[in-house]
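# A look at the structure
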Amino acid sequence: DSAYQGSEALAKVQAAQAADPPYALAFVDMRMPPGWDGVETIEHLWAVDPALQVVICTAYTDYTWDEVLRRLGAHERLIILKKPFDAIEVSQLAHTLVAKWQADRQVAQHTQALEDEVQRQTAELRRMNARLQAELDERERRQAELLLADSVFRNSLNGIVVTDERARIISANPAFTTLTGYPVEEAVGQNLRLLRADSFPPEYYREQWEALLAHGHWRGELWNRRRDGSLFCEWLTISAVPMPAGQSPRYVGIMADVTERRRQDEQLRHLALHDPLTGLANRTQLEAKLEESLARHQRSGHHAAVLFIDLDRFKPINDQLGHDVGDALLRELAQRLLALVRQGDVAARVGGDQFVLLLDGVETMRSADQVAERALASLTEPVHIGPHALTVGASIGIAGGPGAPAFVWMHPRHDGQVWQPLTGWLMIRFAGWDATQSWLVSCYWLYGAAVLCWLSAAMLQIAIRGQARIAVEQAAPLSQRYQGLIRAWFALSGSASLALAAAYSLMLTQPQLW
């Protein structure tokens, strides 16, 4: 191709550059009036195609060669050919320069291809390195988590045990050994049943596993047995561990030793329901047990009996010998009473020298009489405390219920002498009763110790209700009328403590009358 002006040559070079392949060689005359000269034309051409090889053809120039080279500054792509020149020489020069350009182009293309491949491989390596680094970071994170979990597992103060779906131990931590006494290597492979203390029925454990399978977790309190046979109380939390598909389920149990806390709770509960001096039940527990007993026997038709015991001659002993001796005496007498009752009965201390025995489920009131007789005999036996041989007496009131129980009052004679038998019947009529509703009280002196009076519950209720009606009619306080009834009991027994015992026993079993 040929052009007569520099601008025309520039247009052709731009077109070839866009169409590809571009021109390899351009012959440029130094003088091309009236447009650009050769140097200006070459500057414009190289601005579009820097790889274009140029041969300057000239005989005359307006520039020095140093100035030309300084302006163009590309010796390897610029050849100066002075006129006149040989056609063959020009042809060979053109072929040589084109071949060089083609070789340079191939090298450049190959180099570019290599550079592109290097860049692609480098980018891929960077992506792989980034992915590998992310995997390494994730592995390090998981490793750190595993190390942390292992540290927590080994250093936890709570026992941790891992089992399979059959409760066979797979792994356990050192705290498990501390808690149960079983070394890990001995426990692994055994069933978790080795810890059972048989404190719960089999149904309890079956319900435990059913809840675990249904909800994935279970928590509760258990009494288990250590390797040495001792019992301990634990708070156990069992959770299912999510496992990949196809793998057997795993369960992790966390055991916290709450034995001491449970003992403290039991101690506080014991203090709330027991007398701190004697260890017997206190008034709170007695009232609760009495309500349960009466409600239960109201349905069953059986009876319960309440024995109210008021010690005689305790106050002089306590005042003269001191409270330490008095406390020791009360503790000994409390143990004697405790030895008289059966399992399910209650022995309680309700006052300074006042005790109550609740006999649950007596068939007849004669059974209560027998317990009262044994209690009286036991309490009047001498108690040896240090150098002192102490003897007390007791007044005992018996109330029975529900239904129509008998009330019995007995006490020993204070001077220890034998009272003479008194024969005959004593007729008592209470105010407000019909003449046909007389009640008999059989009173007779027991040899060596007590007076025994049998009063039916109906008699006492009618008597008290009658006193209450009279009190209302006469606008007198019920307590004043009650005093008359208590004085009547005092007249029969000759003992104020017996009368108070009777009133207290009635209050326990017939509270609606007060």
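Before reading further, recall that the structure is shown in the block above.
Figured I'd write up the structure that's included with this text. In this text, all values refer to a predicted model and were calculated from it rather than measured experimentally.

What counts and what doesn't
- Residues numbered from 1 in each chain as written.
- Predicted model: local features only at pLDDT ≥ 70, side-chain atom pairs only at ≥ 80, totals over all residues.
- Heavy atoms only, no water.
- Phe/Tyr/Trp six-rings, centres within 6.5 Å; stacked < 30°, edge-to-face > 60°.
- Helix = DSSP H or I, 4+ residues; strand = E, 2+ residues; numbered from the N terminus.
- Lys NZ or Arg CZ within 6 Å of the ring centre and 35° of its normal.
- Expected span 1.5 Å × (residues − 1).
- Buried < 20%, exposed > 50% of the residue type's maximum accessible area, 1.4 Å probe, protein only.
- Arc of directions from axis to C-beta.
- Contact = heavy atoms within 4.5 Å.
- Polar contact = N/O pair within 3.5 Å; in protein donor to acceptor, adjacent residues only side chain to side chain.
- Pairing = 2+ DSSP bridges.

The subject of this paragraph is the packing of aromatic side chains. Inspection of every chain in the model, using the stated rule, returns three aromatic pairs. Consider the rings of Tyr204 and Trp218, whose centres lie 6.4 Å apart with planes at 85 degrees: the pair is edge-to-face. Residue Tyr204 is located in helix α7 (residues 202–215), and its partner Trp218 is located in strand β6 (residues 217–225); the two are separated by 14 residues in the primary sequence. An angle of 90 degrees between the planes, with centres 5.7 Å apart, marks the rings of Trp209 and Tyr251 as edge-to-face. Of the two residues, Trp209 sits in helix α7 while Tyr251 sits in strand β8 (residues 250–257), which places them 42 residues apart along the sequence. Through a chain of ring-to-ring contacts, three or more aromatic side chains come together here, namely Tyr204, Tyr205 and Trp218. Note that Arg77 overlies the ring of Trp46, its terminal NZ or CZ placed 4.4 Å from the centroid. Positioned above the aromatic ring of Tyr205, the side-chain terminus of Arg196 is 3.8 Å from the ring centre.

Below, the discussion takes up helix α1 (residues 6–19). When the terminal C-alpha atoms of α1 are compared, their 20 Å separation across 14 residues agrees well with the 20 Å that a helix rising 1.5 Å per residue should span. The set of residues buried in α1 consists of Gly6, Ala9, Leu10, Val13 and Ala16. Buried residues of α1, viewed axially, fall in a sector of 130 degrees; they line one side. What points out from α1, more than 90 degrees from its buried face, is the exposed set Ala18 and Ala19. If you follow the buried residues of α1, they end up packed against α2 (38–48).

Structurally, Thr380 is set in the loop between α12 (365–379) and β12 (383–385). Taking relative accessible area as the criterion, Thr380 reaches 28% and is therefore assigned partly exposed. If sequence neighbours within four positions are ignored, Thr380 has contacts with Thr391, Val392 and Gly393. A polar atom in the side chain of Thr380 sits 2.8 Å from the backbone oxygen of Leu376. Within the structure, the side chain of Thr380 is placed 3.2 Å from the backbone oxygen of Ala377, a separation counted as a polar contact.

Moving on, we come to the pairing of strand β10 (residues 346–349). Side chains Val346 and Ala348 of β10 all project onto a buried face; the interleaved residues Ala347 and Arg349 project onto the opposite face, where all are buried too. Summarising the sheet, β10 and strand β11 (residues 354–362) pair through four bridges and their orientation is antiparallel. Within the sheet, the bridge partner assigned to Ala347 lies in β11 and is Leu357. Taken together, β10 and the strand that follows it, β11, pair antiparallel across an intervening segment of four residues.

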